Amino acid sequence: MNDFDQLWIWDDPATASSLGWYRAVAANRKPAKFRIARTIPVALSLAQSSEDELWDEIDRLTPLFLARWRGIREASDAWGPPAPGASLLELCRELTQRMLTHCNFCQWDCQVDRSRASKFGACKLAADTRVSSYFHHAGEELVYRGTHGSGTIFFTSCNMRCAFCQNGDISTDKDNGLAVDAHDLAVMAWLLRMEGCHNINWVGGDPAIHLHKIVEAIALLGRDFAQPSNDDLARVLRVKADYFGKAELFPYFATYEGAFNVPMLWNSNFYLSDPAMKILRLLMDVWLPDFKFGPGRCAISLARTPRYWETVTGYLKLVHDWGEDLTIRHLVMPNHVECCTYPVLDWIAEVMPDAQVNIMDQYRPDNFCDPTSAKYQERYATIARRPETSEVQAAYDHAHLRGLNFEAVTYEKRRRGLVA
Ligand code: SF4
């Protein structure tokens, strides 16, 4: 699987520099962040401390974690032994369980107790999590799909209401798929990596609304996760979309110094919250945010999402200021080049001109915008078609004019003859 490390796209200096940490973890030259978090001990009892005390502890430990991470990233420092008792990894898990009781996983800040399921927030979820499907995704960017696919886990439901959602069957039907616990999720992630995937790609819908289960699963993976039993595997294989019989496993490919290792990828609409970001910073090795709408009213009229521009630009800037690896995705939509594409690209050029941007041309009318569907609503007529070639070209021209880092990641499928 070392052919991942030899992909031609790494010869592009901008790509190599944007995603150096991710690449090193994917190739098992470095331990993933969750492995590093496991080496940092906590100094209090997780069960007996108040939530405020737990947040104080994470604020105290985060600089220690970052110093260790930077030492490993930049100077090849040793990563250290696992903490003997509870670690920063378990602290993250405990905090997300507490957050669930007054849910503030995302910008809606609904403050409902999802553990009781008596009231629901904008995502309409209680504590349960469902996975619609998981598989080796061969359609992601080359840096993520690599040679053996991106290990993608699709969760149901969403915290935005995009009328054109390209995954509408998953995001608008919160009851589809398989109900899973954290151990099921950990088994899925373990299996994908052992089969050769280059990352675990948490996506939906949106993964933020399942933060408590995802973090618990990562905590399990970080704590001596044993090979799953045949019963464990049989249960989760029911929603493995590419399961056609027993696949070969590659244990040597999934470990760093003997410990299970894989980069965690946060594939999200970035409609997040400050507390969620504090947790994710410690666990995610690479970020794949959508940046869809300009600062006008499009996020309201097309996605019923308030404060979109402020929220997404705020968290993009935060991640960039943190020095994290990221690829920003912008989907070109018909009739939204002037109001959305140009302001999005301009903002990136002004605030983070080095950031990698994938300008995506694959928009198709879907969900409530598909004229052939019974769900179609006439008010979305202006986006009920594919973007014209001239609209996509205008987006590319604008990105080129603004000097953005977009060409290698945006054009790679076209260059390799994978799309018409
Ligand atoms: S995840 Fe977001 S939308 Fe769902 S209850 Fe929590 S804050 Fe509300």
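Residues numbered from 1 in each chain as written. Predicted model: local features only at pLDDT ≥ 70, side-chain atom pairs only at ≥ 80, totals over all residues. Heavy atoms only, no water.

## A word on the domain arrangement of the chain
Along its sequence, the chain is organised into domain 1 (1-30 + 125-285) and domain 2 (290-420). Domain 1 puts 37 residues into the contact, and the matching count from domain 2 is 45 residues. Taken over both partners, the interface formed by domain 1 and domain 2 buries close to 3,500 Å², and the fraction arising from carbon and sulfur atoms is 53%. For the pair domain 1 and domain 2, the number of links is three salt bridges. The tally of links from domain 1 across to domain 2 stands at 20 residue pairs in polar contact (both at pLDDT 80 or more). Listing elements by their share of the side of domain 1 that touches domain 2, those giving two or more residues are α1 (13-18), α2 (20-26), α6 (142-145), β7 (264-268) and α11 (274-283). In terms of residue class, the side of domain 1 that touches domain 2 is made up of 18 nonpolar, 11 polar and eight charged. (Domains from an automatic or database assignment. Contact = heavy atoms within 4.5 Å. Buried area = accessible area lost by both parts, 1.4 Å probe. Salt bridge = Lys/Arg side-chain N within 4 Å of Asp/Glu carboxyl O. Polar contact = N/O pair within 3.5 Å; in protein donor to acceptor, adjacent residues only side chain to side chain. Helix = DSSP H or I, 4+ residues; strand = E, 2+ residues; numbered from the N terminus. Nonpolar A, V, L, I, M, F, W, Y, C, P; charged D, E, K, R; others polar.)

## A short note on the pairing of strand β8 (residues 286-289)
Going residue by residue along β8, you find V286 and L288 tucked away on one face and W287 and P289 tucked away on the opposite face as well. As paired elements, β7 and β8 share four bridges and run parallel to each other. From the neighbouring strand, W266 faces β8, where its bridge partner is W287. Running through α11, the crossover from β7 to the neighbouring parallel element β8 is right-handed. (Buried < 20%, exposed > 50% of the residue type's maximum accessible area, 1.4 Å probe, protein only. Pairing = 2+ DSSP bridges. Right-handed = clockwise from strand over helix to strand, strands pointing away.)

## A closer look at the pairing of β7
With five of five residues buried, β7 lies mostly within the body of the structure. In this structure, strand β4 (residues 200-203) lies alongside β7, joined through three bridges in parallel fashion. Along β7, the bridge assignment pairs W202 with W266.

## Brief notes about the environment of E216
For E216, the location among the structural elements is in helix α9 (residues 211-222). Residue E216 is classed as partly exposed on the basis of its relative accessible area, which comes to 26%.

## Quick look at the nonpolar core
Counting residues in each nonpolar core, the largest one holds 126 residues, and the members touching the most others are W202, W266 and F293. Each of domain 1 (1-30 + 125-285) and domain 2 (290-420) contributes no fewer than three residues to this core. Ignoring any residue separated from it by four or fewer positions in sequence, one finds W202 in contact with I153, F155, L185, P207, I214, I218, M264, L265, W266, N267 and M284. Core analysis: the next-biggest nonpolar cluster, separate from the first, contains 14 residues, L7, W10, V143 and A408 among them. (Core = buried A, V, L, I, M, F, W, Y, C linked by side-chain atoms within 4.5 Å.)

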